[in-house]
2 protein chains.
Amino acid sequence: MLSRRQLLILQAIVDDYVQSAEPIGSRSISKRTDIPFSPATIRNEMADLEDMGYLQKPHSSAGRVPSNKGYRLYVDHLLYPEPVEEHEILDMEKMFSQRISEVEAVMKKTAAVLSELTSYASIVLGPEMDRTRLKQLQMIPLTSKQAIAILVTDTGHVENRTFDIPEKMNVADLEKVVNILNDQLVDTPVGQWEEKLMAESTRLLKQHVRHYEDMFGVLRSAFKPEKSDQVFYGGMMNLLTQPEFKDVDRVRMIFEWLDHSENVHTLLSNSQEGLNVRIGKENNIEAFADMSMITATYSIGGRTVGSLGVIGPTRMEYERAIRLIRQLANGLSTSLTKIYRHDI
Amino acid sequence: MLSRRQLLILQAIVDDYVQSAEPIGSRSISKRTDIPFSPATIRNEMADLEDMGYLQKPHSSAGRVPSNKGYRLYVDHLLYPEPVEEHEILDMEKMFSQRISEVEAVMKKTAAVLSELTSYASIVLGPEMDRTRLKQLQMIPLTSKQAIAILVTDTGHVENRTFDIPEKMNVADLEKVVNILNDQLVDTPVGQWEEKLMAESTRLLKQHVRHYEDMFGVLRSAFKPEKSDQVFYGGMMNLLTQPEFKDVDRVRMIFEWLDHSENVHTLLSNSQEGLNVRIGKENNIEAFADMSMITATYSIGGRTVGSLGVIGPTRMEYERAIRLIRQLANGLSTSLTKIYRHDI
DNA sequence: ATTAGCACTCGCCATCTAAGAGTGCTAACA
DNA sequence: TGTTAGCACTCTTAGATGGCGAGTGCTAAT
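Residues numbered from 1 in each chain as written. Chains lettered and ligands numbered in written order. Predicted model: local features only at pLDDT ≥ 70, side-chain atom pairs only at ≥ 80, totals over all residues. Heavy atoms only, no water.

An unreviewed UniProt entry lists chain A under the name Heat-inducible transcription repressor HrcA, with Geomicrobium halophilum as the source organism. Annotation of chain A in UniProt includes, under Sequence similarities (unreviewed entry), the sentence "Belongs to the HrcA family." (UniProt positions renumbered as here; feature names shortened; annotations may be inferred.)

1. Section: the protein's contact with DNA strand C
If you check the shell around DNA strand C, you find 20 residues, and the closest are Ser26 of chain A together with Arg5, Thr41, Ser60 and Ser61 of chain B. Among atoms of DNA strand C positioned within 4 Å of the protein, sugar and phosphate together represent 73%. Residue Lys57 of chain A places a side-chain N or O atom 3.1 Å away from a phosphate oxygen belonging to DNA strand C. Counting residues per element, the ones that place at least two in the surface near DNA strand C are α3 (39-51) of chain A together with α3 (39-51) of chain B. Looking at the surface near DNA strand C element by element, the count peaks at 4 residues for α3 of chain B. (Near = heavy atom within 4 Å. Polar contact = N/O pair within 3.5 Å; in protein donor to acceptor, adjacent residues only side chain to side chain. Helix = DSSP H or I, 4+ residues; strand = E, 2+ residues; numbered from the N terminus.)

2. Quick look at unusual backbone geometry
Within the chain, Ala21 of chain A stands out as a residue other than glycine whose phi angle is a positive 65°. Assignment of secondary structure puts Ala21 of chain A in the loop between α1 (4-20) and α2 (26-31). Note on Ala21 of chain A: relative accessible area 24%, which makes it partly exposed. A positive phi angle, near 60°, is found at Ser119 of chain B, a position not held by glycine. Summarising the element assignment, Ser119 of chain B is placed in the loop between α6 (103-118) and β3 (121-125). Here Ser119 of chain B falls in the partly exposed class, since its relative accessible area comes to 34%. (Buried < 20%, exposed > 50% of the residue type's maximum accessible area, 1.4 Å probe, protein only.)

3. Considerations on the nonpolar core
Residues and elements named next belong to chain A. Membership of the largest hydrophobic core comes to 55 residues, with the highest contact counts inside it found for Ile294, Leu308, Tyr318 and Leu336. With 10 residues, the top contributor of residues to this core is helix α13 (residues 318-339). Inspection of this core shows a minimum of three residues originating in each of domain 1 (4-77) and domain 2 (86-128 + 229-339). In this view, Leu308 contacts Thr110, Leu114, Ile123, Val124, Ile294, Thr295, Ala296, Tyr298, Ile325, Leu328, Ala329 and Leu332; residues no more than four positions away in its chain are not counted. (Core = buried A, V, L, I, M, F, W, Y, C linked by side-chain atoms within 4.5 Å. Domains from an automatic or database assignment. Contact = heavy atoms within 4.5 Å.)

4. So, the packing of helix α5 (residues 86-96) of chain A against helix α6 (residues 103-118) of chain A
Residues and elements named next belong to chain A. Contact geometry of α5 with α6 gives a least axis separation of 11 Å together with a crossing angle of 170°. Classed by the angle they form, the pair α5 and α6 counts as roughly antiparallel. Residue-level inspection shows Glu88, Asp91, Met92 and Met95 of α5 in contact with α6, the latter providing Val106, Lys109, Thr110, Val113 and Leu117. For the contact of α5 with α6, the residue count by class is 5 nonpolar, 1 polar and 3 charged. (Axes fitted to C-alpha atoms, helices over the stretch in contact; angles between N-to-C directions. Parallel < 35°, antiparallel > 145°, perpendicular 65-115°, else oblique. Nonpolar A, V, L, I, M, F, W, Y, C, P; charged D, E, K, R; others polar.)

5. Some thoughts on the domain arrangement of chain A
You can read the domains of chain A as domain 1 (4-77), domain 2 (86-128 + 229-339) and domain 3 (136-222). Using C-alpha coordinates to define each centre, domain 2 of chain A is positioned 37 Å away from domain 3 of chain A.

6. Notes on the protein's contact with DNA strand D
Lining the immediate environment of DNA strand D, one finds 20 residues, of which Arg5, Thr41, Ser60 and Ser61 of chain A together with Ser26 of chain B sit closest. Take the atoms of DNA strand D that sit within 4 Å of the protein: sugar and phosphate atoms are 71% of them. Separating a phosphate oxygen of DNA strand D from a side-chain N or O atom of Lys57 of chain B is a distance of 3.0 Å. Listing elements by their share of the surface near DNA strand D, those giving two or more residues are α3 of chain A together with α3 of chain B. Broken down by element, the residue count for the surface near DNA strand D peaks at 4 residues, all from α3 of chain A. Class assignment for the residues of the surface near DNA strand D results in 4 nonpolar, 11 polar and 5 charged.

7. Some thoughts on the pattern of salt bridges
If you walk through the whole model with that rule in mind, you get 20 salt bridges over all chains. One salt bridge connects Arg32 of chain B with Asp16 of chain B, and the closest N-O pair in it is separated by 2.6 Å. Of this pair, Arg32 of chain B sits in the loop between α2 (26-31) and α3 while Asp16 of chain B sits in helix α1 (residues 4-20), and the two are 16 residues apart along the sequence. Classification of Asp16 of chain B as partly exposed rests on a relative accessible area of 21%. Across the pair Glu256 of chain B and Arg252 of chain B runs a salt bridge whose closest N-O atoms are separated by 3.7 Å. Taken together, the positions of Glu256 of chain B and Arg252 of chain B, both in helix α11 (residues 248-259) and 4 residues apart, correspond to about one turn of that helix. Counted as one network, the salt bridges with shared partners bring together Asp16, Arg32 and Asp34 of chain A. (Salt bridge = Lys/Arg side-chain N within 4 Å of Asp/Glu carboxyl O.)

8. Brief notes about the confidence of the model for chain A
Looking at chain A as a whole, its pLDDT mean stands at 87, while 96% of the residues score no less than 70. Across chain A, the secondary-structure element scoring lowest on mean pLDDT is strand β6 (residues 158-164) of chain A, at 76, and the one scoring highest is strand β2 (residues 65-66) of chain A, at 98. (pLDDT = per-residue confidence, 0-100.)

9. Describing the pairing of strand β9 (residues 291-300) of chain B
Residue and element names in this part refer to chain B. Taking burial as the measure, the 10 residues of β9 include 10 buried ones, the bulk of the element. What you see with β9 is no split at all: Met291, Met293, Thr295, Thr297 and Ser299 on one side and Ser292, Ile294, Ala296, Tyr298 and Ile300 on the other are buried throughout. Here 5 bridges tie strand β8 (residues 275-279) to β9, and the two strands are oriented antiparallel to one another. Looking across to β9, one finds that Ile279 is bridged to Ser292. Note that β9 and strand β10 (residues 303-313) share 10 bridges and pair antiparallel. Across the sheet, the residue bridging to Tyr298 is Gly306, located in β10. As consecutive antiparallel partners, β9 and β10 are separated by 2 residues, and within that stretch Gly301 has a phi angle of approximately 55°, a positive value. (Pairing = 2+ DSSP bridges.)

10. Describing the sheet that holds strand β4 (residues 134-141) of chain A
Residues and elements named next belong to chain A. Strands sit in the order β4-β5-β6 across an open sheet of 3 strands; the sheet is antiparallel. The open sheet has two free edges, formed respectively by β4 and β6, since each of these has just one partner strand. Taken over all neighbouring pairs, the strand axes of this sheet differ in orientation by 20° on average, direction set aside. Most of the contacts of helix α9 (residues 212-222) go to β6, to which it runs at about 155°, and overall it touches β4, β5 (146-153) and β6.

11. Here's the deal with the relation of the copies chain B and chain A
When chain B is fitted onto chain A, the two copies agree to an RMSD of 0.1 Å after a turn of 180° and an axial shift of 0.0 Å. Both copies are brought into coincidence by an operation consistent with a two-fold rotation axis. When C-alpha distances to the rotation axis are compared across chain B, the minimum falls at Val248 of chain B, with a value of 3.1 Å. In this assembly, 100% of the residues forming the interface of chain B have copies in chain A that are likewise at the interface, indicating an isologous arrangement. (Least-squares fit on C-alpha atoms with pLDDT ≥ 70 in both.)

Below is the structure:
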């Protein structure tokens, strides 16, 4: 177990290192007013902390740097919430008060604000749509050969697909299809559209609509579960200002990983509810060996539907970042709940 | 005026430098089988070319490097079309044969393919919507307080806005509004929606709909000309592999400029019809001092509606890039014309 | 007009050195 | 016994030095 003094020293080292990005020596720690010990004493403690794996030396005659384990301890036990700063609150309030009613716009804005305030890179995973229900289906003919299907969900989300009208069909036939589908599918959760379409509706449609077979394929693809939830990025450039990314190859690896949004998607959607802090190799991603990721989930009407987070060097202002993410996740939850006003 | 030999040498230098990214010496040029002159002769010519401003020396004992002026001459006079390569055609055909019917998807795909084939960064500016016409307006109530307006254009583009229903209005009132607006606005080009709404429709609406005033603001903002056309990026990471971007600060400046899509938007939408090559400072952008940009416009049914391009170092494979962009712009034009099948 | 020859320039790289920061250890101290 | 002063030692960094090589510009010969 660590002594009170060791904890104090570890904390001081992490705090200083986060600021300076340079190895911390015993002398500079001993100079701090909150640590009344000589460099020699501190050296002893540092050596012990290193033995226990909380600190590392870049090389034998350098100061100490926190290890992943050290950061982990810091995050788990040495973090006390600071009051949220005035201007941070202002920024957020200003943002959420704008009454943005498009979900996509809210997401983008959130990503932008999050990266702005933390000065790390931010990621926001759009709300999962699986359980939203079909509110209304419409088809609008564009030409005699093409029409557009519009799907509105109870959350106000609108999807549309253009499709070709089978040659032998006319507008009246199309209307029949729409009517039957509306009867059948309204209030069906997104996740079950395709299944339900295949199982029940097809029989009915075949009975009532001429040449329905020609349309089947088209319809099926229109009702395919929508593309994976969107990922919104913000402030990727912030990473470039950090000294740990002065090497372009490193940056490239990271950006390439982030470029594949399916990566990000699986990562974020697998994280558990509430706040998550993943330090360095805890991410299990090669390119992220010395990056940390802080994520939080947000919810709509109490149900968790997505998450957001920041990515930065392991040398991160955990306290501040955690505070801001918490705050934003809450704001986002209330904001979205307001948009999706009704019960889900 | 440049002699035939000088042109030959300039061409050789550009070609070699584009490959190697290192200053080219007289010796290596003289070794080329297509140049039967001794290094000394070439040195003389090089000195002349430098005097005329087509070449530069990084330092006094290095080889020569093309200047912006040199690249310009090369692009304007020394570029002969090479046959398009087999696999390039294949890639493009595969892409355009996918019959992607969503415009947005086509744009994204185009950006991806363009950056993939050129291995530079690509930009695609979505089609300008100004002249598309309203095909149909629908409003779908979500709750008693909220509804969603759906605008379909004759190009199959769908826009939707969620809005609050004024307290005193009911669904019947809403229907009336929709009917009147449809009568009035169908076939009106996007650019004139707002104007026409204000001028003619409002009078009518006031007459026939109770409490119309409460709705006015909402409606007006729904018919605001849509957000500026979208910009799609591809292969930003490709830039990082170029040796001229090994400096992170440089990369940051460029990315930050690109991050502001309004920059990109004005730049691209101001470029003239057809193919454009802007070399280095011709871009008039500080961060782009040694970047080149090649853009081309694409059209729908013969009318120019957008553009696409690549960004790379001035040391660029102009020939190849130009060829690919031309090809893609054509492909995009036919593909979009097919989507927007009817006359515009 | 072209080319061979040659002195010269200059960046690059490896080597070296001195300075400085920081450590670990030992012995003295409270 | 816990703390500290002192000191030798280690290792990085920055700057200086010098040879190497690629490339040039000029001159004189072809």
